[in-house]
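# What the coordinates show
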Amino acid sequence: MLDYLSLAAIAAVAREGSFEKAAATLGVTPSAVSQRVKGLEERLGAILLTRGSPCRPTEIGAKLCAHVEQVRLLEGEVIADLPGLASREAGPSSVRVAVNADSVSTWFPRAAARFATETGGLLDLVLEDEAHTVERLRTGDVLAAVTADPAPVVGCRIHPLGTIGYVAVASPAFMSQHFPAGVDVPSLQRAPMMRFDRRDALQARWASEAWGTDIAPPTHWTPSTQGMLDMTLAGLGWSMAPISLAKPLIAAGRLIELPPQRPIAVTLYWQRTRLTARLLDQLTEAVRAVAAQELGPADRV
């Protein structure tokens, strides 16, 4: 029989990043959390958490944390139907989801708002690149993910959502300074560009598709969709921006689309565990409904 008090302690430390914060959420002392974690590790003969700042679950610990999150979600549904089972007043249930930053800055908030309004549920969002959110799902860190990976994760259902379009943009001042004779391959190699992080390949993909070249120019790293847009407006570099955010700025003359004005698109998918849970079903419905309204089809940017 699993020791759910100890499992809850493991999950809380992994979620909050420290024993002290985990203790605050559980309403016990840090010493009690430490004893529960240590006791479970000794019984299993395995390290479940790597101690540090923040604390992280090991591979085995991540599997146990995923189990706890699923049990908590199902337990919340039972308590909602049979409130007399609750030993204390139960708060709203939460669903942990991995989402890419561009979705959070564009269409996903409306899906989240619809879900929260209809269910009263909470979301625990994990920001990750769309090409890597599926790893969070595969390890059990989250119950669902917005991803660019079309390969279904074992034990999960996948739903195509549509495409999010991007354009290459820069400020008028930047264009004048770095592309005075127009954009070409040599100038693209010299002009500073903006990237979200080391895994952000949108700029390289655009250069390859639009100009047939690989580029390695000076790079500003800006791990924020809005921050990258603000830095682009300030003239630090050119970047790939979601069309929905860039379009009004281009119309206002604050940004210029780089020639040959060739947008690119990233196809997004919703992957979720096959766990039968009403709250997860309702989140899936909200995500798919809003994506159908706001994302482009796969054959159009």
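Summary of the structure given here. (Residues numbered from 1 in each chain as written. Predicted model: local features only at pLDDT ≥ 70, side-chain atom pairs only at ≥ 80, totals over all residues. Heavy atoms only, no water.)

## With respect to the overall build of the protein
Convention followed: Each helix is a run of H or I in the DSSP string that is no shorter than four residues. Each strand is a run of E no shorter than two, and both are numbered from the N terminus. A simple rule labels every residue: compare its accessible area, found with a 1.4 Å probe on the protein chains alone, to the largest value its type can have, and call it buried under 20%, exposed over 50%, or partly exposed in between. With residues, only the protein chains shown are counted as cover, and all accessible areas are computed by Shrake-Rupley using a 1.4 Å probe. For the charge count, each Lys or Arg is scored as positive and each Asp or Glu as negative, with His and the chain ends excluded. By convention, charge coordinates are those of NZ in Lys, CZ in Arg, CG in Asp, or CD in Glu.
Assigned secondary structure in the protein consists of 13 helices and eleven strands. Structurally, the protein occupies a C-alpha span of about 70 × 40 × 30 Å along its principal axes. Scored against the burial criterion, the 301 residues of the protein give a buried share of 46%. Working note: accessible area of the protein is about 14,800 Å², and carbon and sulfur atoms make up 55% of it. In the protein, the 29 positive side-chain charges and the 31 negative ones have mean positions that sit 1 Å from each other.

## Here's the deal with the pattern of salt bridges
What counts, and what does not: A side-chain nitrogen of Lys or Arg and a carboxyl oxygen of Asp or Glu constitute a salt bridge if their distance falls within 4 Å.
If you walk through the whole model with that rule in mind, you get 13 salt bridges. Here the residues in one salt-bridge network are Arg96, Asp124, Glu128, Arg136, Asp141 and Arg199, joined through shared partners.

## Topic: the pairing of strand E11 (residues 264–273)
What counts is decided by this rule: Strand pairing is defined by DSSP finding a minimum of two bridges between the two strands.
Extensive coverage of E11 is indicated by the burial of nine of its ten residues. Pairing of strand E5 (residues 144–147) with E11, which is carried by four bridges, proceeds in the antiparallel orientation. Bridging from a neighbouring strand, Ala145 pairs with Gln271 of E11. Pairing of strand E6 (residues 156–170) with E11 involves ten bridges; the strand directions are antiparallel. Paired with Thr163 across the two strands is Thr267, which belongs to E11.

## Observations concerning helix H1 (residues 4–16)
Note the following rule: By this rule, a helix spans an expected 1.5 Å times one less than how many residues it contains.
The terminal C-alpha atoms of H1 lie 18 Å apart, and with 13 residues this matches the ideal 18 Å at 1.5 Å per residue to within 8%. Every buried residue of H1 is accounted for by Ser6, Leu7, Ala8, Ala9, Ile10, Ala11, Ala12, Val13 and Ala14. Just downstream of H1 lies Gly17, where phi reads positive at about 95°.

## A short note on the state of the cysteines
Here is the rule we go by: By definition, disulfides here are pairs of cysteine sulfur atoms that lie within 2.5 Å.
Throughout the structure, instances matching the rule amount to zero disulfides. Of all cysteine sulfurs, the one in Cys65 lies closest to Cys55, which takes part in no disulfide; the gap is 11 Å.

## Brief notes about the environment of Gly162
Structurally, Gly162 is set in strand E6. Given the relative accessible area of 10%, Gly162 is considered buried. Residues Gly162 and Ala241 lie 79 residues apart in sequence; the distance between their C-alpha atoms is 17 Å.

## Here we look at the pairing of strand E9 (residues 239–242)
Judged by which residues are buried, E9 turns out to be covered on both faces: Ser239 and Ala241 on one side and Met240 and Pro242 on the other are all buried. As paired strands, E6 and E9 are joined by four bridges and run antiparallel to one another. By the bridge assignment for E9, Tyr166 is matched with Pro242.

## Some details on the side chain of Thr232
Condition: Only heavy atoms enter the contact rule, under which two residues are in contact if any of them lie within 4.5 Å.
When you line up the elements, Thr232 lands in helix H11 (residues 225–233). Judged by relative accessible area, which is 0%, Thr232 ranks as buried. Residues in contact with Thr232, not counting those within four places in the same chain, are Val169, Ala170, Ser171, Met194, Gly237, Ser239 and Leu255.

## What to know about H11
Under the convention used in this document: What qualifies as a polar contact is a pair of N or O atoms within 3.5 Å, subject to a donor-acceptor requirement within protein and to the restriction that residues adjacent in sequence count only when both atoms come from side chains.
If you check which residues of H11 are buried, you get Thr225, Gly227, Met228, Leu229 and Thr232. Residues of H11 that are buried sit in contact with helix H5 (101–104), E6, strand E7 (193–195), helix H10 (202–211), E9 and helix H12 (243–251). Structurally, the start of H11 carries an N-cap: the backbone nitrogen of Gly227 is 2.9 Å from a side-chain oxygen of Ser224. Looking one or two places after H11, you find Gly235, whose phi comes out positive at around 95°.

## Details of unusual backbone geometry
With an omega dihedral of 5°, the bond running from Ser53 to Pro54 counts as a cis peptide bond. Checked against the element boundaries, Pro54 lands in the loop between strand E1 (49–50) and strand E2 (56–57). A cis amide bond, omega 5°, links Pro259 with the succeeding residue Pro260. At Gln261, a position not held by glycine, the phi torsion is positive, near 55°.

Functional significance is not addressed by these values, which are geometric in nature.
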